[in-house]
Amino acid sequence: MMKLTNFVLQSAISNLQSTGASILTAMQLLGIISAAIAFGIGAYHLIWGGVRGRQSSIVWFIGGAVGLVILMGATAIAEYIDSQVIF
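Chemist: Looking at this structure, I do not really get the overall build of the protein. What am I missing?
Modeler: Assigned secondary structure in the protein consists of 2 helices and 0 strands. Relative to its length of 87 residues, the protein is extended, with a C-alpha radius of gyration of 20 Å against a globular reference of 12 Å. Seen through its principal axes, the protein has C-alpha atoms that stretch 75 × 20 × 10 Å. Per-residue burial for the protein yields a buried fraction of 13% across its 87 residues. Across the protein, contacts joining residues at least 24 apart in sequence account for 55% of those joining residues at least 6 apart. Of the accessible surface of the protein, which amounts to about 6,900 Å², a share of 74% is contributed by carbon and sulfur atoms.

Chemist: What should I look at first to understand the packing of aromatic side chains in this one?
Modeler: Any pair of aromatic rings gets described here by the distance separating the centres and the angle formed by the planes. This structure, assessed with the given rule, holds 1 aromatic pair. With a centroid separation of 6.4 Å and an interplanar angle of 50 degrees, the aromatic rings of phenylalanine 39 and phenylalanine 61 are classed as tilted. One end of the pair, phenylalanine 39, is in helix H1 (residues 2-48); the other, phenylalanine 61, is in helix H2 (residues 53-84), with 22 residues separating them in the sequence. By relative accessible area, which is 31% here, phenylalanine 39 ends up partly exposed.

Chemist: Looking at this structure, how should I read a nonpolar patch on the surface?
Modeler: Taken together, the side chains of Leu29, Leu30, Ile33 and Ile37 define a hydrophobic patch exposed on the protein surface, amounting to about 400 Å² of accessible area. For leucine 30, the position within the fold is in helix H1. The class of leucine 30 is exposed, set by a relative accessible area of 52%.

Chemist: Help me understand the side chain of glutamine 28 in this model?
Modeler: One can find glutamine 28 in helix H1. If near-sequence neighbours (up to four positions away) are discounted, glutamine 28 is found in contact with Leu71, Met72 and Thr75.

Chemist: Is there a simple way to explain the side chain of serine 57 in this structure?
Modeler: In this fold, serine 57 is placed in helix H2. A distance of 2.9 Å separates a polar side-chain atom of serine 57 from the backbone oxygen of arginine 54. Not counting chain neighbours up to four residues away, the residues in contact with serine 57 comprise Gly42, His45 and Leu46.

Chemist: Would you mind showing me how to read the environment of valine 85 here?
Modeler: With respect to the element layout, valine 85 can be found in the segment after H2. Valine 85 sits 18 residues away from glycine 67 along the chain, and the two C-alpha atoms are 27 Å apart.

Chemist: I tried to follow H2 on my own but got confused; where do I start?
Modeler: For H2, built from 32 residues, the straight-helix expectation of 46 Å at 1.5 Å per residue is met to within 8% by its first-to-last C-alpha distance of 46 Å. Along H2, the helix axis deviates most sharply at alanine 74, where the bend reaches about 30 degrees.

Parameters at a glance
- Residues numbered from 1 in each chain as written.
- Predicted model: local features only at pLDDT ≥ 70, side-chain atom pairs only at ≥ 80, totals over all residues.
- Heavy atoms only, no water.
- Helix = DSSP H or I, 4+ residues; strand = E, 2+ residues; numbered from the N terminus.
- Rg over C-alpha atoms; globule rule 2.2 N^0.38 Å.
- Buried < 20%, exposed > 50% of the residue type's maximum accessible area, 1.4 Å probe, protein only.
- Contact = heavy atoms within 4.5 Å.
- Areas by Shrake-Rupley, 256 points an atom, 1.4 Å probe, with all protein chains shown as cover.
- Phe/Tyr/Trp six-rings, centres within 6.5 Å; stacked < 30°, edge-to-face > 60°.
- Patch = residues over 30% accessible without salt bridge, like charges linked within 9 Å, V, L, I, M, F, W, Y side chains within 5 Å.
- Salt bridge = Lys/Arg side-chain N within 4 Å of Asp/Glu carboxyl O.
- Polar contact = N/O pair within 3.5 Å; in protein donor to acceptor, adjacent residues only side chain to side chain.
- Expected span 1.5 Å × (residues − 1).
- Bend = angle between axes of the 7 residues up to and from the residue.

Spelled out as structure tokens, the structure:
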């Protein structure tokens, strides 16, 4: 009975890990698209923003870049945590 319980627990944890990895991969794909949109909006502000265009565009550029770096680094963070946690 104990072996069956351990098997079910390990199976559930494995399924949870694979589901989390799939969700993270989908979020990264959407993050790339969102960063491209943010850079486009920043470029629009830079070109057509007038006097305050540069200030407005910097916010979009930095926000898009920082968000993309954090989202792409999430896989490395998740893999590190996965390697450190032992069930």
